[in-house]
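Commentary on secondary and tertiary structure
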Amino acid sequence: MKRFNISHEYDYNLYCKGVYSAKTPLIAQICSFLNPLRQKAEQALEMKSELKLSSAYVLYFYLLSQAESIADFTLKNGDEKEAISFAGGQLSRLFTFEDFACIVKENGIVPMPSMPDPAHHHKSDCVYILENRIRLGVSQLVKGEITKERLLSEARAILSEGLGEPPEGFSLTYIDSEDSLKTLDGLTPVEFFRNYCSTDLDNYCVISTSDSKAKAAVAAQIKGGEQVVVLADTRHQVNKMLGILDTDFQDNTDVFGFDFSVSKADKLRLGIIRAESYLSLDGVAFDENGSPLRFKAQDTDGSETGADGHYTMSAKWFDEYVISAIVNKKYLD
């Protein structure tokens with residue numbers, strides 16, 4: 001195996017006070033979308049202390065919306081087999097930027113102390129219980145044994161028991177950059193999002209990395225001081241101990257005696273590359289020609305993996321394994 005070297009230095013490195021430690025893939029997906037918002041809130045409030053936003057709050061409204069969309073489909077379609085199939089697809093699909101934007105614009109966000117994330121998210125928890133209740137509810141709706149209102153009422157009860165009741169208002173106490181103790185009182189979740197996250201989510205779009213503008217737009221957004229969430233397949237060419245994502249990390253042809261070199265389009269078509277996880281990119285280095293050379297990628301597996309929860313991603317790895325990115329449209333002009 002060839003000797004491997006990679007630099008961990010960046011021309012633009014957005015300061016990060018800490019990383020999320022997500023317990024399940026769904027929680028990890030939500031936390032990745034919360035990362036840019038908490039960075040904006042920390043800056044707006046000039047916080048010295050770390051701010052983490054509640055993934056449980058977003059999860060509550062996401063699962064409730066899932067229950068409602070499945071109930072609506074079932075009542076409209078009326079076919080139990082098709083409704084069960086639809087429910088299975090909805091409950092297992094990837095959480096998307098569109099999901100996140102819809103929830104946050106309508107319901108806002110809250111700091112984690114106002115709705116703490118449960119310590120454990122096992123398959124015996126409320127998410128699993130709710131999934132099973134929805135599947136059973138599909139059959140009952142088709143047979144006319146329950147109403148949509150009753151199913152949603154039971155869904156809220158399950159979520160409130162497992163995740164907590166979403167607060168209508170809250171206070172936030174923190175240490176500012178001058179070491180002063182500050183408190184914000186009487187905030188609503190929507191007010192907190194609008195006043196302190198300074199983000200119009202309608203200005204953002206999902207762009208495929210097959211678009212020639214994608215990588216430059218991602219780098220420009222980081223250079224402009226804002227994190228970028230990307231969808232990638234992190235199963236490939238990764239070393240979690242060293243915190244490296246690089247296509248040159250291991251020569252699979254040399255190791256396994258098989259040529260894995262097929263096009264990215266074919267890898268996507270064959271399922272070799274899959275939409276596995278989101279990463280928040282919060283650093284970038286450029287080469288002498290001004291092209292992106294490497295990125296700093298923030299994971300949601302806690303500070304024990306990588307370099308305090310971060311990975312150095314080469315531009316080649318970005319090209320090969322990043323599927324899409326969420327960027328401000330102004331960087332695509």
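Just above sits the structure.
Every chain is numbered independently, its residues counted from 1 as its sequence is written. Only residues with pLDDT of 70 or above have their local features reported here, since the model is predicted, and side-chain atom pairs are shown and tallied only from 80 upward, although totals for entire chains, interfaces and linings are computed over all residues. Values shown for side chains rest on all heavy atoms present in the structure; no hydrogens or waters enter the calculation.

Think of a salt bridge as a Lys or Arg side-chain nitrogen and an Asp or Glu carboxyl oxygen that are within 4 Å of each other. What the rule picks out here adds up to 19 salt bridges. In this structure, the salt-bridge partner of E154 is R133, at a minimum N-O distance of 2.5 Å. A residue pair is termed long-range when its members are at least 10 positions apart, and E154 in helix 6 (residues 148–163) and R133 in helix 5 (residues 126–143) qualify at 21 residues. Only protein chains enter the accessibility calculation, which uses a 1.4 Å probe; a residue whose area is less than 20% of its type maximum is buried, one above 50% is exposed, and one in between is partly exposed. You can call R133 buried: its relative accessible area is 13%. Across the pair E320 and K267 runs a salt bridge whose closest N-O atoms are separated by 2.7 Å. Of this pair, E320 sits in helix 11 (residues 315–321) while K267 sits in helix 10 (residues 264–270), and the two are 53 residues apart along the sequence. Just as E320 is buried, K267 falls in that class too. What you see here is one network of salt bridges that share partners, running through R38, E50 and K52. Only DSSP runs of H or I covering at least 4 residues are called helices, and only runs of E covering at least 2 are called strands; the numbering of each starts at the N terminus.

Our next topic: helix 6. For helix 6, which comprises 16 residues, the first-to-last C-alpha distance of 22 Å matches the rise-based estimate of 22 Å (1.5 Å per residue) to within 8%. Of the positions making up helix 6, those classed as buried are K148, L151, L152, A155, I158, L159, S160 and L163. Residue contacts are counted whenever heavy atoms from the two residues lie within 4.5 Å of one another. Residues of helix 6 that are buried in the fold lie against helix 2 (55–77) and helix 5. Positive phi shows up at G164, right after helix 6, with a value of about 105 degrees. An expected span of 1.5 Å times one less than the residue number is assigned to each helix.

Now for the packing of helix 1 (residues 25–44) against helix 2. Every axis in this analysis is a line fitted to C-alpha atoms, fitted for helices over the stretch in contact. Angles between the N-to-C directions lie between 0 and 180 degrees. Between helix 1 and helix 2, whose axes approach to 10 Å, the crossing angle comes to 115 degrees. Note that helix 1 runs across helix 2; the crossing there is right-handed. Across the interface between the two elements, L26, I27, I30, C31 and L34 of helix 1 pack against S55, V58, L59, Y62 and L63 of helix 2. Class assignment of the residues belonging to the contact of helix 1 with helix 2 gives a composition of nine nonpolar, one polar and no charged. Left-handed describes a crossing whose near helix is turned anticlockwise from the far helix by less than a right angle; the clockwise case is right-handed. Residues are grouped as follows: Ala, Val, Leu, Ile, Met, Phe, Trp, Tyr, Cys and Pro are nonpolar; Asp, Glu, Lys and Arg are charged; all remaining types, including Gly, are polar.

On to a nonpolar patch on the surface, then. On the surface, a nonpolar cluster with roughly 250 Å² of combined accessible area is contributed by V262, L270 and I272. Tracing the sequence through the fold places V262 in the loop between helix 9 (252–256) and helix 10. Distance thresholds for patches are 9 Å for like charges and 5 Å for nonpolar side chains (Val, Leu, Ile, Met, Phe, Trp, Tyr), applied to residues having over 30% relative accessible area and no salt bridge. Where accessible areas are quoted, they stem from the Shrake-Rupley method and a 1.4 Å probe; at the residue level, only the protein chains shown are allowed to cover.

Before going further, it helps to spend a moment on the packing of aromatic side chains. Stacked, tilted and edge-to-face are the three classes assigned to paired rings of Phe, Tyr and Trp, where Trp is represented by its six-membered ring and a pair needs centres within 6.5 Å; plane angles under 30 degrees give stacked, over 60 edge-to-face, the rest tilted. Considering all chains together, one arrives at 13 aromatic pairs under this definition. An angle of 85 degrees between the planes, with centres 6.1 Å apart, marks the rings of Y12 and F286 as edge-to-face. Here Y12, found in strand 1 (residues 12–13), pairs with F286, found in strand 8 (residues 277–286); they are 274 residues apart in sequence, far enough to count as distant. Accessibility expressed as a relative area gives 23% for F286, which makes it partly exposed. With centroids separated by 5.6 Å and ring planes inclined at 75 degrees, the aromatic side chains of F170 and F192 adopt a geometry described as edge-to-face. In this pair, F170 sits in strand 2 (residues 170–175) while F192 sits in helix 7 (residues 189–196), placing the two residues 22 residues apart along the sequence.

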